[in-house]
There are 2 protein chains.
Amino acid sequence: MEALGRQILVEFYDCDESKINDVSYIENSLIQATKASKATIISHNFHKFSPYGVSGVVVIAESHVAIHTWPEYNYAAVDIFTCGDTIDPWVIQEHLKDYFDSKNVSSMEMKRGMFRVPEGQKLLFKPDQNLQPN
Amino acid sequence: MEALGRQILVEFYDCDESKINDVSYIENSLIQATKASKATIISHNFHKFSPYGVSGVVVIAESHVAIHTWPEYNYAAVDIFTCGDTIDPWVIQEHLKDYFDSKNVSSMEMKRGMFRVPEGQKLLFKPDQNLQPN
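No experiment lies behind these values; they were computed from the predicted model shown. (Residues numbered from 1 in each chain as written. Chains lettered and ligands numbered in written order. Predicted model: local features only at pLDDT ≥ 70, side-chain atom pairs only at ≥ 80, totals over all residues. Heavy atoms only, no water.)

1. Describing the overall build of chain A
Piece 1. A tally of regular secondary structure across chain A gives two helices and six strands.
Piece 2. Ordered by position from N to C terminus, the α and β elements of chain A give β-α-β-β-β-β-α-β.
Piece 3. Viewed in the frame of its principal axes, chain A has a C-alpha envelope of about 50 × 35 × 20 Å.
Piece 4. Every one of the 134 residues in chain A was classed for burial, and the buried ones make up 51%.
Piece 5. When contacts within chain A are restricted to residue pairs at least 6 apart in sequence, those whose partners lie at least 24 apart make up 63%.
Piece 6. When the accessible surface of chain A is split by element, carbon and sulfur atoms take 47% of a total near 5,800 Å².
Piece 7. Of the charged side chains in chain A, 12 are positive and 18 negative; the average position of the first set lies 4 Å away from that of the second. (Helix = DSSP H or I, 4+ residues; strand = E, 2+ residues; numbered from the N terminus. Buried < 20%, exposed > 50% of the residue type's maximum accessible area, 1.4 Å probe, protein only. Contact = heavy atoms within 4.5 Å. Areas by Shrake-Rupley, 256 points an atom, 1.4 Å probe, with all protein chains shown as cover. Lys, Arg positive; Asp, Glu negative; His and termini not counted. Charge placed at Lys NZ, Arg CZ, Asp CG, Glu CD.)

Here's what the structure looks like:
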């Protein structure tokens, strides 16, 4: 069996409260972390809730990075969904751990889209990664 | 232990290839399914890849719904991340199953943001859900 994608679910506990309540800081953190992984950013979209919390998504050619923060609990949930062999999703986790000053990180990696392929063949995660103009 | 959020990872296999390669159809499907769950939509953003595949995210006040499709494998990966008790994420899964004509669905529910709370108390998933103007 081979997988089309892999997804890392990260629980960032014991984060710096002010950092994970700052929408600009979070947006910049996710963009920098995503760039460091060599992923291709297509769009990003972040929202600040009142009085606490930020939600946001960076859509990448290789899938997405999403975040939801609960500063009042010093907690941020991050999902890193990738496909292909060219980017390393764990680089994103490592950068965000530092950006958020998280003292307690718990991660799980899932395989998504499982298919049986003939021996010696590989699953092509995308025939072509070029975006069509909308 | 109580959780701040819940996340449903859905594997939609054996979907209708043309439906899950149609960016407008997918965007409309996710919006309709999300509305049916009573979630509050904040933004949505979808992309079509050439020649195959669609990625997109609906950001909701209660977190997000994300999709990545591989029409060439009749497969779509969907993540439904919610918090609070007011919406039912499984409604979204059921609607999307019908919209995509998926003949084989596999789902897993994860709890996100686990905290120990004193007996008799509840974890508040958000002090206030109002969005601040950006």
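2. Focus on the sheet that holds strand E2 (residues 41–48) of chain B
Residues and elements named next belong to chain B.
Piece 1. Spatially, six strands are ordered E2-E3-E4-E5-E1-E6 in an open sheet, and the strand pairing comes out antiparallel. Looking at strand neighbours, the two that pair on one side only are E2 and strand E6 (104–115), the edges of this open sheet. Neighbour-to-neighbour, the strand axes of this sheet turn through a mean angle of 10 degrees, independent of strand direction.
Piece 2. Here strand E1 (residues 2–13) pairs with strand E5 (residues 75–83) via eight bridges, running antiparallel. Residue pairing across strands places Leu9 opposite Asp79, the latter belonging to E5.
Piece 3. Sheet strands in contact with helix H1 (residues 23–36) are E2, strand E3 (54–60) and strand E4 (63–70), and its direction is about 155 degrees off that of E2.
Piece 4. Here helix H2 (residues 89–99) sits on the sheet and contacts E1, E4, E5 and E6; the angle it forms with E1, its principal contact strand, is near 10 degrees. (Pairing = 2+ DSSP bridges. Axes fitted to C-alpha atoms, helices over the stretch in contact; angles between N-to-C directions.)

3. A look at the confidence of the model for chain A
Residues and elements named next belong to chain A.
Piece 1. Per-residue pLDDT for chain A averages 90, and the proportion of residues at 70 or more is 93%.
Piece 2. Overall, residues 128–134 carries pLDDT values under 50, and its contacts beyond four positions in sequence, including any with other chains, amount to 16 contacts.
Piece 3. Among the prediction metrics, the complex's ipTM stands at 0.87, with pTM recorded as 0.89. (pLDDT = per-residue confidence, 0-100.)

4. What about the sheet that holds strand E1 (residues 2–13) of chain A?
Residues and elements named next belong to chain A.
Piece 1. Read across the sheet, six strands follow the order E2-E3-E4-E5-E1-E6 without closing on themselves; strand pairing throughout is antiparallel. Edge positions in the open sheet fall to strand E2 (41–48) and strand E6 (104–115), since each of these has one partner strand only. When strand polarity is set aside, the average angle formed by the axes of neighbouring strands in this sheet is 10 degrees.
Piece 2. As defined by bridge partners, strand E3 (residues 54–60) adjoins strand E4 (residues 63–70) across six bridges and the pair is classed as antiparallel. Residue pairing for E4: Val59 is matched across the bridge by His64.
Piece 3. Contacts between helix H1 (residues 23–36) and the sheet are confined to E2, E3 and E4, with E2 contributing the most and set at about 155 degrees to the helix.
Piece 4. Set on the sheet, helix H2 (residues 89–100) makes contact with E1, E4, strand E5 (75–83) and E6; between it and E1 the angle comes to about 10 degrees.

5. What to know about the packing of aromatic side chains
Piece 1. Following the criterion strictly, the structure yields twelve aromatic pairs over all chains and no others.
Piece 2. Taking the centre distance of 5.9 Å and the plane angle of 90 degrees together, the rings of Phe12 of chain A and Phe100 of chain A count as edge-to-face. Residue Phe12 of chain A is found in strand E1, and its partner Phe100 of chain A is found in helix H2; the two are separated by 88 residues along the sequence. Summarising the burial analysis for this pair, Phe12 of chain A and Phe100 of chain A share the class buried.
Piece 3. Ring geometry for Trp70 of chain B against Tyr75 of chain B: centres 5.6 Å apart, planes inclined by 40 degrees, an arrangement best described as tilted. Accessibility classification places Trp70 of chain B together with Tyr75 of chain B in one group, the buried group.
Piece 4. An aromatic cluster of three or more residues is present, and its members are Tyr13, Trp70, Tyr73 and Tyr75 of chain A together with Phe115 of chain B. (Phe/Tyr/Trp six-rings, centres within 6.5 Å; stacked < 30°, edge-to-face > 60°.)

6. Things to note about unusual backbone geometry
Piece 1. Cis geometry marks the peptide bond from Ser50 of chain A to Pro51 of chain A, where omega comes out at 0 degrees.
Piece 2. Summarising the element assignment, Pro51 of chain A is placed in the loop between E2 and E3.
Piece 3. Even without a glycine there, the phi angle at Lys38 of chain A is positive, about 80 degrees.
Piece 4. As for its placement among the helices and strands, Lys38 of chain A is situated in the loop between H1 and E2.
Piece 5. The exposure class of Lys38 of chain A is exposed, given its relative accessible area of 65%.
Piece 6. Positive phi is not limited to glycine here, since Asn74 of chain B has a value of about 55 degrees.
Piece 7. Within the secondary structure, Asn74 of chain B is located in the loop between E4 and E5.

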